[in-house]
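Residue strings, one per chain:
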Amino acid sequence: MANQTMVLDSVFHALADPTRRAVIQRLGRGEATVSELARPFDMALPSFVKHISVLERSRLIRSYKRGRVRTCSLERDNFAAAERWLDELRAQWASRYSNLDILLAKLNGDDNGA
Amino acid sequence: MAPDLRFEFVADKSRSTITVTREFNARRQLVWDCYTKSELLDQWFAPKPLTTKTRHMDFREGGYWHFAMITPDNQVFWNRLDYKTITPIDGYTARDGFCDEAGVVNPDLPGSDQEVSFIDQDTRTVVTTVVQYASAESLQAAVDMGLEGGIASTLSRLDELLPTLQAG
């Protein structure tokens, strides 16, 4: 359960920023170089590179370098896993609430019987 | 769960929050008690198949609930909920964190802030929990620390940096 929260945290952080969300969306259509990814944004390259670092750290993307060109791609399995983790988290909440339903029914039943 | 009990689970990635809304077939005082009394919390809080065991409960502003969630094969996860503001029986806010058996919070693991509110709905109660994941500051600080070693505006610097971040 600790691991799940950590993954969720880093994925949330990665996706909390609109630039990073746009990069993910672009990479969903296929790999791209850092230059290509930076092009639509009106920001200095070091600032853009920070966003790429956050995405790599969250394992949502990976990159490789050939010559002087760095190319990024989406880690589709990790992205899908992040979505699954949210489903699992939802299931955990549903389970504890179902436990609470049972307890409340028992407590209400006890009151009525008193 | 009765089919007409409302349950919503919404993740907002742009704000790093999860908002959970659930309706319960009981009056607000009883539902409040179930959220704030350890002998009742122990009976429902952990998702199946885990069980909950309270070590310490002091439900007041500045107090905390220190508890374990235990798996069927006896793995123990210690947590503590530190209560910030309490407005009986309308709601409370708390900080949720991983800790050890002694209740010492682990600074390396992310925690979350929770806001729980209780609203009457005829003879039922609707509880809304907003969980704010605390990733933004702590992760940003870690990324910034790795980046502040004089990044030049060239792509070659990125090559040196990325492997060190990935090693984490």
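See above for the structure.
Residues numbered from 1 in each chain as written. Chains lettered and ligands numbered in written order. Predicted model: local features only at pLDDT ≥ 70, side-chain atom pairs only at ≥ 80, totals over all residues. Heavy atoms only, no water.

*Asks:* Can you explain the nonpolar core? Please cite residues and give values.
*Replies:* For soluble globular proteins, the rule of thumb is that nonpolar side chains tend to be buried together. Ranked by size, the top nonpolar core spans 40 residues in total, and within it B:I18, B:Y35, B:W44 and B:Y92 carry the most contacts. Of all the elements, helix 5 (residues 76-113) of chain A adds the most residues to this core, at eight residues. Counting residues in each nonpolar core, the second largest holds 19 residues, with A:A14, A:L15, A:V23 and A:F48 among its members. (Core = buried A, V, L, I, M, F, W, Y, C linked by side-chain atoms within 4.5 Å. Buried < 20%, exposed > 50% of the residue type's maximum accessible area, 1.4 Å probe, protein only. Helix = DSSP H or I, 4+ residues; strand = E, 2+ residues; numbered from the N terminus.)

*Asks:* Before we move on, can you summarise the pattern of salt bridges with the specific residues and values?
*Replies:* Residues and elements named next belong to chain B. All told, the structure shown has 12 salt bridges over all chains when counted by the stated rule. Here D120 and R28 are joined by a salt bridge, their closest N and O atoms 2.9 Å apart. Of the two residues, D120 sits in strand 7 (residues 112-121) while R28 sits in helix 1 (residues 28-36), which places them 92 residues apart along the sequence. On the accessibility criterion, R28 (17% relative accessible area) is buried. R60 serves as the salt-bridge partner of D58, at 2.8 Å between the closest nitrogen and oxygen. Accessibility expressed as a relative area gives 26% for D58, which makes it partly exposed. For R60, a relative accessible area of 42% corresponds to the partly exposed category. Each of D4, E23 and R124 takes part in a single network of salt bridges with overlapping partners. (Salt bridge = Lys/Arg side-chain N within 4 Å of Asp/Glu carboxyl O.)

*Asks:* Pulling in residues and values, what's your account of the packing of aromatic side chains?
*Replies:* Tallied over the full model, the rule gives 17 aromatic pairs over all chains. On the numbers, 6.1 Å between centres and 75° between planes, the contact of B:W32 with B:Y92 is edge-to-face. Residue B:W32 is found in helix 1, and its partner B:Y92 is found in strand 6 (residues 91-98); the two are separated by 60 residues along the sequence. Here the two residues B:W32 and B:Y92 agree in accessibility, since each one is buried. One cation-aromatic arrangement involves A:R96 over A:W93; the distance from NZ or CZ to the ring centre is 5.0 Å. Residue placement shows A:R96 over the ring face of B:F45; its charged tip is 4.2 Å from the ring centre. (Phe/Tyr/Trp six-rings, centres within 6.5 Å; stacked < 30°, edge-to-face > 60°. Lys NZ or Arg CZ within 6 Å of the ring centre and 35° of its normal.)

*Asks:* With reference to specific residues and values, describe the pairing of strand 1 (residues 7-12) of chain B.
*Replies:* Residues and elements named next belong to chain B. Both strand 1 and strand 2 (residues 17-24) contribute to a ladder of six bridges, which runs antiparallel. Within the sheet, the bridge partner assigned to F9 lies in strand 2 and is V20. The antiparallel pairing of strand 1 with strand 2 creates a hairpin that spans four residues between the two strands, and S16 there sits at a positive phi of about 55°. (Pairing = 2+ DSSP bridges.)

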